[in-house]
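# Fold and geometry: a report
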Amino acid sequence: RILVTGGTGQIGSELVPALREVYGNENVVCGGHKRNPSEDLIEAGPYEVVDAVDAKAYAEVVKKYKIDTIYHLPAILSAKAEENPMRAWEVNISGLINALEIAREFKCAIFVPSSIAAFGPNSPKWKTPQDTIQRPRTMYGVTKVTGELLCDYYYFKYGVDTRGVRYPGLISYKTLPGGGTTDYAVEIFYEALKNKKYTCYLKEDTRMDMMYMPDALKAAIQLMEADPNRLIHRNAFNVTAMAFTPKELAEEIRKHIPEFQITYNVDPVRQNIADSWPDMLDDSCAKQEWGWNPEYDLPSMVSDMLEKLSKKLGVSY
Ligand code: VAH
């Protein structure tokens, strides 16, 4: 059985149904905490409240359902983490240590996402290599590098089957992200459909790696199913699908909504964070070691996002 903690978050709320599709509803437990679960998450299969910081409760759920694979997703994202760094350390690291100790004790395989945030201002920005300097200056980035090192430690020291990917900004229409720096790339679609205009908190030429949620889910499931003998790396693989700027995204949206207007009101905190991240990752190791191959690029993501979100919001364009 599989347990997804952070199961009601931006990734979790779509990873749970995707895993249930593959492995069967009863075999995937949704562990939620911060946000309440939607009806379909509860109706389709087992749901438990799991606060990752509460090791005892976390272990109880793993024992109760005889979990053999954990997708550990709870995290406070980059912008929010700068407002409350100590809380971010507690959730992102104490929560992770609990998960790794439980994976060690109950012999679970465990997926832990890292992020492009695990790179810093002096990491190569273009075609950022799989193995390169990682000196992030955000607390979120510090917790992501620490998380990668802890996951590798549990693999080399205890043989725990730990695997992860460095996600770029994730774009989805089901659950809003919370407190991230790449969130503009999600908000812009809601504003484009509702108001035909959006004020962006990043400069127009801020280039960042991005990925559409269906590809992010595919990466998580594919990596956990990969033949371990092919894996040279484990925590965590660079993965990307596209890299665009707010200007380029707005131009693509205008192909569907010609009157859409974007204006800029830069937030220095999030601009600083975005400027410290890569512009485009090199994900050749993921391609070679476990067949990573994203489906969505900028044009196909934009047309699918607008189509699906307009239905969800009940607005036409
Ligand atoms: C954030 N969406 O903005 C997250 C992610 C790479 C960005 O880690 O913090």
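Residues numbered from 1 in each chain as written. Predicted model: local features only at pLDDT ≥ 70, side-chain atom pairs only at ≥ 80, totals over all residues. Heavy atoms only, no water.

Naming follows an unreviewed UniProt entry, where the protein appears as Nucleoside-diphosphate-sugar epimerase of Acetomicrobium flavidum. Looking at the protein in UniProt, the text filed under Sequence similarities (unreviewed entry) is "Belongs to the NAD(P)-dependent epimerase/dehydratase family." (UniProt positions renumbered as here; feature names shortened; annotations may be inferred.)

Attention now moves to the overall build of the protein. From N to C terminus, the protein includes 12 helices and 16 strands. Relative to its length of 317 residues, the protein is compact, with a C-alpha radius of gyration of 19 Å against a globular reference of 20 Å. Residue burial in the protein is summarised as follows: out of 317 residues, 56% are buried. Put simply, 78% of the contacts in the protein that link residues at least 6 apart link residues at least 24 apart. Carbon and sulfur atoms make up 50% of the accessible area of the protein, which totals about 13400 Å². A distance of 2 Å separates the average location of the 37 positive side-chain charges in the protein from that of its 43 negative side-chain charges. (Helix = DSSP H or I, 4+ residues; strand = E, 2+ residues; numbered from the N terminus. Rg over C-alpha atoms; globule rule 2.2 N^0.38 Å. Buried < 20%, exposed > 50% of the residue type's maximum accessible area, 1.4 Å probe, protein only. Contact = heavy atoms within 4.5 Å. Areas by Shrake-Rupley, 256 points an atom, 1.4 Å probe, with all protein chains shown as cover. Lys, Arg positive; Asp, Glu negative; His and termini not counted. Charge placed at Lys NZ, Arg CZ, Asp CG, Glu CD.)

Another point: the site of the ligand. Close to the ligand lie Leu77, Ser78, Ser115, Ile116, Tyr140, Tyr167, Pro168, Gly169, Gly180, Thr181, Thr182 and Trp277, which account for all nearby residues. At 2.8 Å, a side-chain N or O of Tyr140 approaches an oxygen atom of the ligand. Its free accessible area being 270 Å², the ligand has 95% of it covered by the protein chains. Mapping the ligand onto the cavity grids shows that it belongs to the largest pocket. The class makeup of the residues in the shell around the ligand is 6 nonpolar, 6 polar and no charged. (Near = heavy atom within 4 Å. Polar contact = N/O pair within 3.5 Å; in protein donor to acceptor, adjacent residues only side chain to side chain. 1 Å grid on protein atoms, 1.4 Å probe; cavity = no way out; pocket = protein on both sides within 12 Å on 5 of 7 lines; lining within 4 Å. Sits in = over half its atoms within 2 Å of the grid points. Nonpolar A, V, L, I, M, F, W, Y, C, P; charged D, E, K, R; others polar.)

As a further point, take the sheet that holds strand β6 (residues 114–115). In space, the 3 strands of this open sheet follow the order β6-β9-β13, with parallel pairing throughout. Each of the sheet's edge strands pairs with one partner strand only, and the pair in question is β6 and β13 (237–238). (Pairing = 2+ DSSP bridges.)

Enumeration according to the criterion identifies 10 aromatic pairs in this entry. Pairing Tyr71 with Phe111 gives two aromatic rings, centres 5.3 Å apart and planes at 40°, and the pair type is tilted. Remark: Phe111 occurs in strand β5 (residues 109–111) and Tyr71 occurs in strand β4 (residues 69–72); sequence separation between them is 40 residues. With relative accessibility at 1%, the residue Tyr71 sits in the buried group. A residue is classified by how much of its surface remains accessible, and Phe111, at 0% relative accessible area, is buried. Consider the rings of Tyr184 and Tyr201, whose centres lie 6.3 Å apart with planes at 90°: the pair is edge-to-face. Placement of Tyr184 in helix α7 (residues 184–195) and of Tyr201 in the loop between β11 (197–200) and β12 (208–212) is noted, with a sequence separation of 17 residues between them. Across the pair, exposure class does not vary: Tyr184 and Tyr201 are buried alike. Among the aromatic side chains, those forming a connected cluster through ring pairs are Tyr71, Phe111 and Tyr167. (Phe/Tyr/Trp six-rings, centres within 6.5 Å; stacked < 30°, edge-to-face > 60°.)

Time to look at the environment of Ile171. Tracing the chain through its elements places Ile171 in strand β10 (residues 169–171). A relative accessible area of 0% places Ile171 in the buried class. Setting aside residues no more than four positions away along its own chain, Ile171 makes contact with Gln10, Ala185, Val186, Phe189, Met210, Met211, Tyr212, Met213, Phe244, Met301 and Met305.

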